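One-letter residues, chain by chain:
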Amino acid sequence: MILEVDAIDTYYGETQALFGASLAIAHAKVFALLGPNGAGKTTMLRSILGLTRPRRGAVRFDGREVTREPTHEIARAGIGWVPDDRRLCPTLSVARNLAIAQKRTRFRRWTVKEASEIFSPLAYLMERDCENLSGGEMQMVAIARALVGSPGLVLFDEPSQGLAPKIVGDVLATITRMKQEGIASLVVEQNAEIALSVADHAAVLDRGRIVWTGEAAALREDRGLRQRLLGVH
Ligand code: ATP
């Protein structure tokens, strides 16, 4: 397993957001984490990255416990993050944003050039300041930034949010390509159909608890199960 989350309890102050939540992601597989608004999906990503530290339980990345390590060490260990609001440096160029990310990384599997070639249009945007990019272009830069960190796993928070269907298709194709390159993904989505279209495995969160986990195909193919777990067709 590239990632094992073992029975974590995560709190915001006194409010508990995750209750004994576990999941396991195999090397080079795509895992969809589904569930309604407020279920705890983003909290799961924050817990993995050490941004909101679990109070109990453990997070192991590639066999090594990272539960109490600082976020920058967890990232350097090989976990990339594509946040829903992208968090690029707006006044810097695409090239600078990617170069800064590469400076922080320990491994050099992906050069800035290779990462930017994963989306063909990105090569033409390298000198553009990030604040002048469209939402879809920002998403591409955020993914390329995760790649220059040479990750073994990339966490995607609502990658389809606010994007045109064509761009969503590009993002999904990239997740599949990353998988062919040996990179696993954890895709958090409210839109189950989108995440399930690329996922190998899936889990459903409901009010902070994992209520189902299994093969993505089981959810894709069983409308009744999807309806029962997610209230969607
Ligand atoms: P969404 O799709 O709306 O982002 P989510 O499944 O990602 O939903 P979380 O954002 O992880 O859910 O939120 C889980 C619970 O934790 C919710 O009840 C939410 O109100 C609470 N929560 C999230 N962030 C904070 C915070 N910074 N402080 C206090 N409570 C929070």
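Residues numbered from 1 in each chain as written. Predicted model: local features only at pLDDT ≥ 70, side-chain atom pairs only at ≥ 80, totals over all residues. Heavy atoms only, no water.

- The name given to the chain in an unreviewed UniProt entry is ABC transporter ATP-binding protein, with the source organism recorded as Bradyrhizobium aeschynomenes.
- The chain has a UniProt comment under Sequence similarities (unreviewed entry) that states "Belongs to the ABC transporter superfamily."
- Turning to the chain, the UniProt annotation filed under Function (unreviewed entry) states: "Involved in beta-(1-->2)glucan export. Transmembrane domains (TMD) form a pore in the inner membrane and the ATP-binding domain (NBD) is responsible for energy generation." (UniProt positions renumbered as here; feature names shortened; annotations may be inferred.)

Description of the environment of I118
For step 1, the next point in the chain: Residue placement: I118 occurs in the loop between helix 4 (112-116) and helix 5 (135-148).
For step 2, the next point in the chain: Here the alpha-carbon distance between I118 and M140, two residues 22 residues apart in the chain, equals 8.8 Å.
For step 3, the next point in the chain: In contact with I118, not counting residues within four places along its chain, are W110, L147, T174, R177 and M178. (Helix = DSSP H or I, 4+ residues; strand = E, 2+ residues; numbered from the N terminus. Contact = heavy atoms within 4.5 Å.)

A few points about the nonpolar core
For step 1, the next point in the chain: V94, I143, L147, F156, M178 and L219 are the most contacted members of the largest nonpolar core, which has 50 residues in total.
For step 2, the next point in the chain: With near-sequence residues (within four places) excluded, V94 lies in contact with L125, M126, R128, C130, L133 and V141. (Core = buried A, V, L, I, M, F, W, Y, C linked by side-chain atoms within 4.5 Å. Buried < 20%, exposed > 50% of the residue type's maximum accessible area, 1.4 Å probe, protein only.)

Structural notes on the sheet that holds strand 4 (residues 56-61)
For step 1, the next point in the chain: Across the sheet, which stays open at both edges, the 4 strands sit in the order 2-1-4-5 with antiparallel pairing between neighbours. Edge strands, defined here as strands with exactly one partner in the open sheet, are strand 2 (15-25) and strand 5 (64-65).
For step 2, the next point in the chain: Pairing of strand 1 (residues 3-12) with strand 2 involves 7 bridges; the strand directions are antiparallel. Within the sheet, the bridge partner assigned to T10 lies in strand 2 and is L18.
For step 3, the next point in the chain: Helix-sheet contacts for helix 1 (residues 41-49) involve strand 1, strand 2 and strand 4, and the interaxial angle to strand 1 is about 110 degrees. (Pairing = 2+ DSSP bridges. Axes fitted to C-alpha atoms, helices over the stretch in contact; angles between N-to-C directions.)

Considering the pairing of strand 10 (residues 209-215)
For step 1, the next point in the chain: Of the strand pairs in this sheet, strand 9 (residues 201-206) and strand 10 are connected by 6 bridges, and their pairing is antiparallel. Counterpart to V204 in the pairing with strand 10 is W212.

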